[in-house]
Amino acid sequence: VEMTEAFGEEGEQGQVVLSDPHGHDEPAKFAFDIVFGLSVAQVQIYESVGKPALHKTFEGYNGTIFAYGQTGSGKSFTMTGAPGDLRGIIPRVNEELFSYIAEKQSSSTCRFLVMCSFFEIYNEIIFDLLNPVSDRSKLGGGLQIKEHPVMGIYVKDLTEIVAEDVTKVETLLENGNKSRAVSSTLMNSTSSRSHSIFTIKIHQKDEDDTSRNVFAKLNLVDLAGSERQKGTGATGQTLKEGANINKSLSALGNVINALVETANGKKVFIPYRNSKLTRVLQESLGGNSLCTMLATLSPAACNYEETMSTLRYANRAKAIKVSATKNEEASQVSRLKAEVEELKKKLAAVDSGGGPGRGGMTAAEKEAEQQKFQKQLKEMELMLNNNWEEKAKLSEEHERQMQRFREERERAAHALEEERQKRLRLLQEKNDLELSLRGLVDLVASASFEEPLAVAGEAHAWLKSHRSFRQDTEALSQQLNLVHVFKHGFDEDLKLWGEGAEAGDATLQIMGLGRSLPKLEKLRKGVEKLVQLEGQCVSDACSLDISVKRATVELDAFRSKAQSEIREEAEAESQRQGTPALERIAQILTLIQKQLQVKLEELHKLTTLEMGQTIDMVVTFSEGLSEGEVTKAVSALQALISSPIFAMPEGMPQKPLREYSPEEVQDTPETTEAVLRQLIRIEGVIGKAKKSAAELLARPPPKFLLDVAVALKQATGFPAQLEETWPDSREDRLARFQQIADAINGELGIQVDFDGVGVLKGKEVPKTLRVLQLLALSAARQSPPKHGEEKTKVEGWTVTE
């Protein structure tokens, strides 16, 4: 985009030349009354556009300034701006408005009444920004557009507040902008999702000469930007908003085209009613108003098509002819009186039964016609007699009502906050995981945030997962009871064997031993099923725990972003409303994580089987037996009880893991699985993966190394400084792997042969398995068993020896 600036008083036109970045089309040239370059100051835009419009308003001419352009091109910045020298047109108009009034009132007999209104058009519905509705989704929540024969187009029931100074207007703008719909897109982090119109009405009265009394209004319009979905990445509600924005802007383009055709002498229909935007701006575009269009352009080559569309739009708009007239109070009063007299005649005609087309009216129709004219007459007389004092009184009364409403809303919000805090305390006292999850679902459903929270979509899924977890836990508990029954029967047969040994009765010994072997087989099968159920329970709990932790991290990021935004004074209301809800959600998530850890500990207790006494009986009773079937049975009994539970795989030293040296670890999936099971529930690490531990270890995925390290840290405290989140970037993942290797090196005093790049690519499997075993060895040394207590985890369950 090349620009020839023109905004002085010389009267020369500026030029914009737009070149196709692909070179397919010839450069397009456009001429405009005023052209601002990229480095123009905000004050210059105001001096060239805002100030002349304001002065014309004081003279009694209606005016409109609206900014048009694609999303992210600077419309809101031009109209509103930022603090200091970056103030936009609206705040500068506000400042000069009251400066001019003060000067005029001090040097003449003129008096002024300033009234402001502020509304937005969101999804083709009009909302009052100075009196916002609590729920926009309710039907009938918007305002209606009406047309009056004298007053013209207006929004019915729109709040109008009397403003006495700059501060009052600033407060109205601040309150209104808080209620305005904005959203984040790929092209604009604070994209306007609605068209907003801030109107300043100025009534000017000369106490010495009433013929000089005038009134006018200045519409300051901030249009939402045109956008394309592929550029903004909009989805869901934001996509729907974008579609409605484009629809209304398209209707505006059609109206401009029709007005241009009319200006060229053609008789065409002007489709003002095709959109709320064009209907509201009907007088501004083609009626009694001076209109200035600010076209904002993006200099980026990727926005060439949208920039070309904006320039063509503006080029057509400058051909529109306006017919603005001075709004004199005497003229308006005369017209209102004429309307009143006309309505009185119509009402009298109805009363007498006369008038065209009314001869055959029924009594009910006649009564309805009378009521209609009486209502119109009452409204007209109210407008005619509505003086300044009454307007100011109505404005004050409305403000008092709004203040009462705000106070009631604050009291209701305070009571709701107390109730939610009470519920949170109750959840903490009950310490029930399901109740906490239900409380989270209710809290998320009742809270409202500008951006969707991940936890909002996952809370229901967590509740469903918990139901599955609870069912699996109940099945696990039932299976454990069955295993205890098998073990009790097995122990009773072992005692029979012992009684025979003490009495020297070989027959009794053989009978007890023979009866114990089948029961031991049942015990073994029962334990196998117990292991399977426990693995499923641990998998459910760990998956839920991981999901909750991930949501907690995302919530922390969202809270940090929200905190940074609400530091600005304009977001004070958002701080009062949004922060407590975020804090409560964070508190419940923390509570849920603690409750999940308790559940995992309970699972550990459920799957602990005391076998020490049983083993002592086998060892004691087998002494002195050396013949045939007895020896064979004892060997089988010892093998079933001892070897599968406590022994490492063949080829590895049969000693506690903490006593291993780095040279004794191996690099096979079988040995790695056995080593890891000494310290952690490997099923919890696998989670929902549809693979067994052996299949997963045959080619460990990159994240598996971090998952194991995190599980070891939770079980033993090592590696203590490990960051538990899985990074997005490749460099950060390699750094996380190096953090694990450094922890091993520091604990074992060795240099690990490890290639992080190979792990990311799925290569160097033996080295990865060796690192996993060295990591477990380091963790075992950090967390030795207490004196007199030797616990070994086997296949996800624990035997106390």
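All right, on to the nonpolar core then. Inside soluble globular proteins, nonpolar side chains tend to come together where they are buried. Leu 679, Ile 680, Val 708, Ile 744, Phe 754 and Leu 775 are the most contacted members of the largest nonpolar core, which has 42 residues in total. Counting residues per element, the ones that place at least two in this core are α20 (669-677), α21 (682-686), α22 (693-698), α23 (702-716), α24 (730-748) and α26 (765-782). Every residue in contact with Val 708, bar those within four places of it in the chain, is listed here: Leu 676, Ile 680, Val 685, Leu 772 and Leu 775. Phe 58, Ile 90, Val 169 and Leu 218 belong to the second largest nonpolar core, which has 34 residues in total.

Confidence in the prediction for the protein averages 78 pLDDT; 77% of positions are at 70 or higher. Contacts from residues 184-190, a stretch scored under 50 in pLDDT, to residues over four places away or in other chains number 19 contacts. Predicted confidence for residues 785-801 stays below pLDDT 50, and this span has 53 contacts to residues more than four positions away or in other chains.

Moving on, we get to the side chain of Thr 716. Along the polypeptide, Thr 716 turns up in helix α23. Separated by 2.7 Å, the side chain of Thr 716 and the backbone oxygen of Leu 712 make a polar contact. One polar contact links the side chain of Thr 716 to the main-chain amide nitrogen of Phe 718, over a distance of 3.3 Å.

This brings us to unusual backbone geometry. Following Phe 718, the chain continues into Pro 719 via a peptide bond in cis, with omega recorded as 0 degrees. We note that Asn 431 has phi near 55 degrees; this positive angle belongs to a residue other than glycine. With respect to the helices, strands and loops of the structure, Asn 431 is situated in the loop between α12 (388-430) and α13 (433-446). Take Asn 431: its relative accessible area is 44%, and that puts it in the partly exposed class.

Our focus in this paragraph is the packing of aromatic side chains. Applying the stated criterion to the full structure yields 8 aromatic pairs. Considering the side-chain rings of Phe 58 and Phe 112, the 5.8 Å spacing of their centres and the 90 degrees angle between planes classify their relative orientation as edge-to-face. Within this pair, whereas Phe 58 is found in helix α1 (residues 42-58), its partner Phe 112 is found in strand β5 (residues 110-122), the two being separated by 54 residues in sequence. Take Phe 58 and Phe 112: they sit in the same class, and that class is buried. A ring pair is formed by Trp 726 and Phe 737, whose centres lie 6.1 Å apart and whose planes are at 50 degrees; its orientation type is tilted. Within this pair, whereas Trp 726 is found in the loop between α23 and α24, its partner Phe 737 is found in helix α24, the two being separated by 11 residues in sequence. In this structure Trp 726 comes out as partly exposed when scored by relative accessible area, which is 23%.

It is worth spelling out helix α14 (residues 454-503) at this point. For α14, spanning 50 residues, the distance from its first C-alpha to its last is 71 Å, which sits close to the expected 74 Å at 1.5 Å a residue. The largest bend in α14 comes to about 25 degrees, at His 460. A positive phi of about 70 degrees marks Gly 504, the residue just after α14.

Turning next to the pattern of salt bridges. The final tally for this structure, using the stated rule, is 24 salt bridges. Salt-bridge contacts for Asp 707 lead to Lys 703; the nearest nitrogen and oxygen are separated by 2.9 Å. Pair noted here: Asp 707 and Lys 703 are both in helix α23, with a separation of 4 residues, about one helical turn. We classify Asp 707 as partly exposed; its relative accessible area is 22%. The residue Glu 724 makes a salt bridge to Lys 713 at a minimum N-O spacing of 3.6 Å. Taken together, the positions of Glu 724 in the loop between α23 and α24 and Lys 713 in helix α23 put the pair 11 residues apart, joining distant regions of the chain. Through salt bridges that share partners, Glu 147, Arg 273 and Arg 279 make up one connected network.

Moving on, we come to the sheet that holds strand β2 (residues 14-18). The strand order across the open sheet formed by 3 strands is β1-β2-β3, and the pairing between neighbours is antiparallel. Both outer strands of the open sheet, β1 (2-4) and β3 (28-32), are each paired with one neighbouring strand and no more. The average angle at which neighbouring strand axes cross in this sheet is 15 degrees, direction not considered. Relative to β3, β2 runs antiparallel, the two sharing 5 bridges. Residue pairing in the sheet places Val 16 in a bridge with Phe 30 of β3. Relative to the sheet, helix α9 (residues 304-317) contacts β2 and β3, its axis offset from that of β3 by approximately 40 degrees.

Definitions and limits used
- Residues numbered from 1 in each chain as written.
- Predicted model: local features only at pLDDT ≥ 70, side-chain atom pairs only at ≥ 80, totals over all residues.
- Heavy atoms only, no water.
- Core = buried A, V, L, I, M, F, W, Y, C linked by side-chain atoms within 4.5 Å.
- Buried < 20%, exposed > 50% of the residue type's maximum accessible area, 1.4 Å probe, protein only.
- Helix = DSSP H or I, 4+ residues; strand = E, 2+ residues; numbered from the N terminus.
- Contact = heavy atoms within 4.5 Å.
- pLDDT = per-residue confidence, 0-100.
- Polar contact = N/O pair within 3.5 Å; in protein donor to acceptor, adjacent residues only side chain to side chain.
- Phe/Tyr/Trp six-rings, centres within 6.5 Å; stacked < 30°, edge-to-face > 60°.
- Expected span 1.5 Å × (residues − 1).
- Bend = angle between axes of the 7 residues up to and from the residue.
- Salt bridge = Lys/Arg side-chain N within 4 Å of Asp/Glu carboxyl O.
- Pairing = 2+ DSSP bridges.
- Axes fitted to C-alpha atoms, helices over the stretch in contact; angles between N-to-C directions.

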